[in-house]
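If you want the building blocks of each chain, they are given just below.
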Amino acid sequence: MAIYVNEEKGLFQIDTKNASYQMKVSKSGYLLHTYYGRKIKEDVSGELSYYDRGFSGNPPEVGTDRRFSLDALPQEYSCYGQGDYRNVAFLVKDKDGVFGCHLKYDSYEVDADLDFALLPHIHNFEGREDIESLKIRLKDKSLNLYVDLYYHVLPYLDVIARSVVVTNAGEDQVFIEKIASGQLDFLAGDFDLLHFHGRHCKERQTERIALTYAGQSIGSLRGTSSHQENPFLILADRECNEEQGDCYGLHLLYSGNFHMQADKDQYAQTRLLAGIHEEMFSYRLDSGETFISPQLAITFSKDGLTGLSHNCHSLIRYHICRGKFQTQRRPVLLNNWEATYFDFDGEKIKKIAKQASELGVEMLVLDDGWFGKRDSDNSGLGDWWVNEEKIGSSLKELGEGITAYGMKFGLWIEPEMVSEDSDLYRNHPDFAFCLPGKEPVRSRNQLVLDFSRKEVVDYIYQALAKVISTAPISYLKMDMNRSICDVYSRVCRHQNHGEIMYKYVLGVYDFLDRISKDFPDLFVEGCSGGGGRFDAGMLYYTPQIWCSDNTDAVDRLFIQNGTSYGYPISSVGSHVSIVPNHQTGRLTDLKTRAIVAMAGSFGYELDLSLLSDEEKEAVKDQIIDYKKYWNLIQNGHYYRCKLVGSAMDASVWMFVSEDKSEGLLNVVTLDTNANGPAIYVRARGLDENKVYQVEGFDKQYSGASLMHMGLLLPLMQGEYQALQIYFKEVRD
Ligand code: DGJ
């Protein structure tokens, strides 16, 4: 059992494999957070400090005891109105607009069920440890408001997933103005934050910053989790590095506006909050109604950032992604986007597919432009009827033409959008977000459909389901190509517009839920101009996401490296494209491009008939290699590695099978040296005592020698050279 309750003492402890999490109800009835970190056994609440602090108020229950202040004590779930002046987790407003509540401990329940409805949440995976759960109820007496804190625990991954459920048992409406899904209060310690910022075509760049008294926050108000920040954050001890030290990873299972805030308070204590962004959020809760926050999965590692990443990878691969594609090999695909953009017809697509199939590609994905009047990105979105004139046949015939080459057929969609130049917009302008009396803001010349409205989701779903069921489609790429503004819904309940963005996200999940139920064999890849909605919430519905619109191999090294901190390789869509690269103009070798694309679900995004015969042979070999290594790549352990010393700048990563019998080392150089020092790379994750045959080196090495002495690499000259080296255990 991971959950331990001592009713008499008011003590709650959650023990995972390497960590303990402790809470204690104070004599005055407040739920304090006493500890989260490496394993401990005893009640440590006696170690909290109680000092008379000036300008820090004392709740009524403690009478004249000036030493008990919620402004200074670590809390499990703070709220405004109790004398805590830090950033708080919960803010509620009553019917008269009065802010604040008093949340006191009420009761608890072990093995508590929670119906998450459409909200992504962690689940069991056959053959792995099961989830245990705990609910702690807090209550505001005068409002008759329940705030239930849920803990879903996966002990073997050191995961505690938090959700907050608010029920209005009072007679009057209340408004939730802020609701973090979880809070972590730390008494002492110097922390760094690792966050993953970026922009379109440059997502998830890693930045490590010291947490200061100024506080730091990341978030998105774009309606999606965004290219600019990611709802995954690491709080690390300042000494923590790749291989050792304590750190905490937070994954918000949500794909909309979010906020993660870290603060160091006046007493050098740290508070971390994560949840829906409170800006432009206001949820009206009528009498008897309930609100469920997105789930926040928190994991702990005492083995540095690599240990944390491994927890996150298994969490997402086994307990967030679902369906038969969770751990299955994904077909090697060719997407026509960078090969043709909008300039194609059925014959051109078939020609590209035929050539690809001859080289071993297993699926052709028809990207944007097959529907409505869509020869550019200025029109057609929303008109989900097949443009038979353009593709020269029905979609069924085109699909059958492609499957006749022994390939699968995939299709691009962008359900949440509408072009003003479309029949949908002409007939239903009210379906699109637009502020009353104002002109809408355009982005990529398109508007956003109001997915907070069920009838809009119904309309789009029916149109697309019809298309999907008429052709032999095995795969969908679901795109979303702008940020959201103009948030006004013509039919908003109570005209309360602070709810729309939450309901919009539920609408997107509803769409995906219907797809997964009606078309269980369809593999759905998420996309938002690449990685603009790359989050654990989407991965619950789409086990893979197009990682970035930037296919440049060198830029991808940084994007994929940043992504690897929180997300498994199985979630990353990655393709080889043409050079000069369309986004950067950079030239890289085909081999380099393939090795980089193999750090993900592998595919191509170019017309392969444009390659030389020699390159075509190389493509054949790449596909053979990928099929040979896919399980190691997709389901193995991922390690970020380094060259020894700093003789040369390079990106180095490795895959190691769970039983450590195989490894695949990848190196891409980022500069080049004249008469430079020898280059060694130290492997990671192998078994010191095993002996490995190293392919291409014609030699055997112990795991110890590969990891400690390092492997001497052949001389690599010229920028962006790549190596892929396979290790296999030698068994007698
Ligand atoms: C953005 C995507 O990320 C691209 O791969 C492509 O599908 C385009 N949209 C199509 O409009």
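Quick caveat: nothing in here was measured; it's all calculated off a predicted structure.

Enquirer: Hey, could you run me through the overall build of the protein in this one?
Expert: On a plain count of helices and strands, the protein comes out with 13 helices and 38 strands. By the compact-globule yardstick of 27 Å for 732 residues, the protein fits well, its C-alpha radius of gyration being 27 Å. Seen through its principal axes, the protein has C-alpha atoms that stretch 85 × 70 × 45 Å. Burial statistics for the protein: of 732 residues in total, 63% are counted as buried. Of the roughly 27100 Å² of accessible surface on the protein, a fraction of 47% belongs to carbon and sulfur atoms. In the protein, which carries 77 positive and 105 negative side-chain charges, the distance between the mean positions of the two groups comes to 1 Å.

Enquirer: I keep staring at the site of the ligand and nothing clicks. Help me out?
Expert: Among the 13 residues in the neighbourhood of the ligand, the closest are listed as D367, D368, K477, D479 and D549. Take K477: an N or O atom from its side chain is 2.7 Å from an oxygen atom of the ligand. Taking 300 Å² as the accessible area of the ligand by itself, protein coverage stands at 98%. Counted by class, the shell around the ligand contains four nonpolar, three polar and six charged residues.

Enquirer: Can you walk me through the sheet that holds strand 27 (residues 523-526) in this structure?
Expert: Sheets are built from strands paired through backbone hydrogen bonds, the pairs being either parallel or antiparallel. Sheet architecture is closed into a barrel: eight strands sit in the order 21-22-23-26-27-28-29-30, paired in parallel fashion. Shown here is a sheet whose adjacent strand axes are inclined to one another by a mean of 30°, direction ignored. Across the sheet, helix 5 (residues 395-403) is in contact with strand 22 (363-366) and strand 23 (408-413); its angle to strand 23 comes to roughly 135°. Packing against the sheet, helix 11 (residues 590-597) makes contact with strand 29 (572-577) and strand 30 (601-605), and its axis sits at approximately 170° to strand 29.

Enquirer: Help me out: how do you make sense of helix 12 (residues 613-635) in this one?
Expert: Spacing of three or four residues puts side chains on the same side of an α-helix, whose turn is 3.6 residues. Here helix 12 is 23 residues long and its end C-alpha atoms lie 33 Å apart, about the 33 Å a rise of 1.5 Å per residue gives. Within helix 12, the axis deviates most sharply at Y629, by approximately 60°.

Enquirer: What is the right way to look at helix 1 (residues 304-320) in this model?
Expert: The terminal C-alpha atoms of helix 1, which comprises 17 residues, lie 23 Å apart, in line with the 24 Å expected from a rise of 1.5 Å per residue. In terms of burial, helix 1 is a largely internal element, 17 of the 17 residues being buried.

Enquirer: Explanation requested: the environment of Q583 in the structure shown.
Expert: Here Q583 lies in the loop between strand 29 and helix 11. Considering only alpha carbons, one finds Q583 and D552, 31 residues apart in sequence, at a separation of 6.8 Å. Setting aside chain neighbours within four positions, we find Q583 in contact with C201, E338, D549, N550, T551 and D552.

Enquirer: Help me understand the nonpolar core in this model?
Expert: Among the nonpolar cores identified, the biggest contains 197 residues, and Y77, F90, W370, F511 and Y604 are the most heavily contacted of them. Considering each element in turn, this core owes the most residues, 10 residues, to helix 8 (residues 500-518). If we skip the residues at most four places from it in the chain, F511 touches I413, P415, F451, V457, I460, Y461, L464 and M478. Among the nonpolar cores identified, the runner-up in size contains 25 residues, and L643, M648, A650 and Y692 belong to it.

Enquirer: Just checking my understanding: could you explain the pattern of salt bridges for this structure?
Expert: Oppositely charged side chains may form a pair once their charged atoms are brought near each other. Enumeration according to the criterion identifies 58 salt bridges in this entry. The salt bridge involving K104 is made with E61; its shortest N-O contact spans 3.0 Å. On the criterion of sequence distance, the pair formed by K104 in strand 6 (residues 104-110) and E61 in the loop between strand 4 (31-38) and strand 5 (90-94) is long-range, its members being 43 residues apart. Residue E61 is classed as partly exposed on the basis of its relative accessible area, which comes to 35%. The shortest N-O distance in the salt bridge between D552 and R586 comes to 3.1 Å. Residue D552 is located in the loop between strand 28 (544-546) and helix 10 (553-564), and its partner R586 is located in the loop between strand 29 and helix 11; the two are separated by 34 residues in the primary sequence.

Enquirer: Looking at this model, I keep getting lost on the sheet that holds strand 3 (residues 19-25). Mind explaining?
Expert: Pairing within the open sheet is antiparallel, and its four strands lie in the order 1-2-3-4. Looking at the sheet topology across the chains shown, the edges are occupied by strand 1 (3-6) and strand 4. This sheet shows a mean twist of 15° between the axes of neighbouring strands, independent of strand direction. Bridge count for strand 3 against strand 4 is seven bridges, and the pairing is antiparallel. Bridging from a neighbouring strand, Q22 pairs with Y35 of strand 4.

Enquirer: For this particular structure, what's the right way to read the environment of T563?
Expert: Looking at where T563 falls in the secondary structure, it is placed in helix 10. Separated by 164 residues in sequence, T563 and G399 have C-alpha atoms that sit 33 Å apart. Excluding anything up to four places from it in sequence, T563 contacts R204, F534, C547 and V572. In terms of polar contacts, T563 uses its side chain to reach the backbone carbonyl oxygen of I559, at 2.6 Å.

Enquirer: In this structure, what is going on with the packing of aromatic side chains? I would like to understand it.
Expert: Note on aromatic pairs: each is described by the distance of the centres and the angle between the planes. Evaluation of the coordinates by the stated rule reveals 42 aromatic pairs. Both rings, one in Y283 and one in Y502, keep their centres 5.8 Å apart while their planes meet at 90°; by these two values the pair is edge-to-face. Of this pair, Y283 sits in strand 18 (residues 283-285) while Y502 sits in helix 8; the two residues are 219 residues apart in sequence, bridging distant segments of the chain. Y502 carries the same exposure label as Y283, and that label is buried. Relative to Y341, the ring of W337 has its centre 5.0 Å away and its plane inclined at 80°; by these criteria the two rings are edge-to-face. Taking relative accessible area as the criterion, W337 reaches 18% and is therefore assigned buried. Accessibility expressed as a relative area gives 30% for Y341, which makes it partly exposed. Following the ring pairs from residue to residue traces out a cluster consisting of Y21, Y36, Y151, F186, F191, Y248 and F300. In this structure, K104 is placed above the aromatic ring of Y30, and the distance from its NZ or CZ to the ring centre is 5.2 Å. The ring of Y541 is capped by R322, whose NZ or CZ atom sits 5.0 Å from the centre of that ring.

Enquirer: When you look at the environment of E358 in this model, what are you seeing that I'm missing?
Expert: Position of E358 among the secondary structure elements: in helix 3 (residues 346-359). By relative accessible area, E358 is classed as partly exposed at 47%. Residues E358 and E7, spaced 351 residues apart in sequence, show a C-alpha to C-alpha distance of 68 Å.

Enquirer: In this structure, what is going on with the packing of helix 7 (residues 454-470) against helix 8? I would like to understand it.
Expert: A pair of packed helices can be characterised by two numbers: the angle between their axes and the separation between those axes. Taken N-terminus to C-terminus, the directions of helix 7 and helix 8 make an angle of 30°; their axes are 10 Å apart at the nearest point. Between helix 7 and helix 8 lies a crossing whose hand is right-handed. Counting all contacts with helix 7, which are made through K454, V457, D458, I460, Y461, L464 and I468, the residues of helix 8 involved are G507, D510, F511, R514, I515 and D518. Residues of the contact of helix 7 with helix 8, tallied by class, amount to seven nonpolar, one polar and five charged.

Enquirer: Please explain the side chain of S20 as it appears in this structure.
Expert: Among the structural elements, S20 can be located in strand 3. Of note is the side chain of S20, whose polar atom sits 3.4 Å from the side chain of Q13. Of note is the side chain of S20, whose polar atom sits 3.0 Å from the backbone nitrogen of I40.

Enquirer: Teacher, can you tell me more about the packing of helix 3 against helix 5 here?
Expert: Orientation of helix 3 relative to helix 5, taken along the N-to-C sense of each, is 20°, at an axis distance of 10 Å. Classed by the angle they form, the pair helix 3 and helix 5 counts as roughly parallel. In the crossing of helix 3 with helix 5, the sense of the turn from one axis to the other is right-handed. Judged by residue contacts, G346, I349, K350 and A353 of helix 3 engage L398, G401 and I402 from helix 5. Here the contact of helix 3 with helix 5 is built from residues that sort into four nonpolar, two polar and one charged.

The rules behind the values
- Residues numbered from 1 in each chain as written.
- Predicted model: local features only at pLDDT ≥ 70, side-chain atom pairs only at ≥ 80, totals over all residues.
- Heavy atoms only, no water.
- Helix = DSSP H or I, 4+ residues; strand = E, 2+ residues; numbered from the N terminus.
- Rg over C-alpha atoms; globule rule 2.2 N^0.38 Å.
- Buried < 20%, exposed > 50% of the residue type's maximum accessible area, 1.4 Å probe, protein only.
- Areas by Shrake-Rupley, 256 points an atom, 1.4 Å probe, with all protein chains shown as cover.
- Lys, Arg positive; Asp, Glu negative; His and termini not counted.
- Charge placed at Lys NZ, Arg CZ, Asp CG, Glu CD.
- Near = heavy atom within 4 Å.
- Polar contact = N/O pair within 3.5 Å; in protein donor to acceptor, adjacent residues only side chain to side chain.
- Nonpolar A, V, L, I, M, F, W, Y, C, P; charged D, E, K, R; others polar.
- Pairing = 2+ DSSP bridges.
- Axes fitted to C-alpha atoms, helices over the stretch in contact; angles between N-to-C directions.
- Contact = heavy atoms within 4.5 Å.
- Expected span 1.5 Å × (residues − 1).
- Bend = angle between axes of the 7 residues up to and from the residue.
- Core = buried A, V, L, I, M, F, W, Y, C linked by side-chain atoms within 4.5 Å.
- Salt bridge = Lys/Arg side-chain N within 4 Å of Asp/Glu carboxyl O.
- Phe/Tyr/Trp six-rings, centres within 6.5 Å; stacked < 30°, edge-to-face > 60°.
- Lys NZ or Arg CZ within 6 Å of the ring centre and 35° of its normal.
- Left-handed = near helix turned anticlockwise from the far one by under 90°.
- Parallel < 35°, antiparallel > 145°, perpendicular 65-115°, else oblique.

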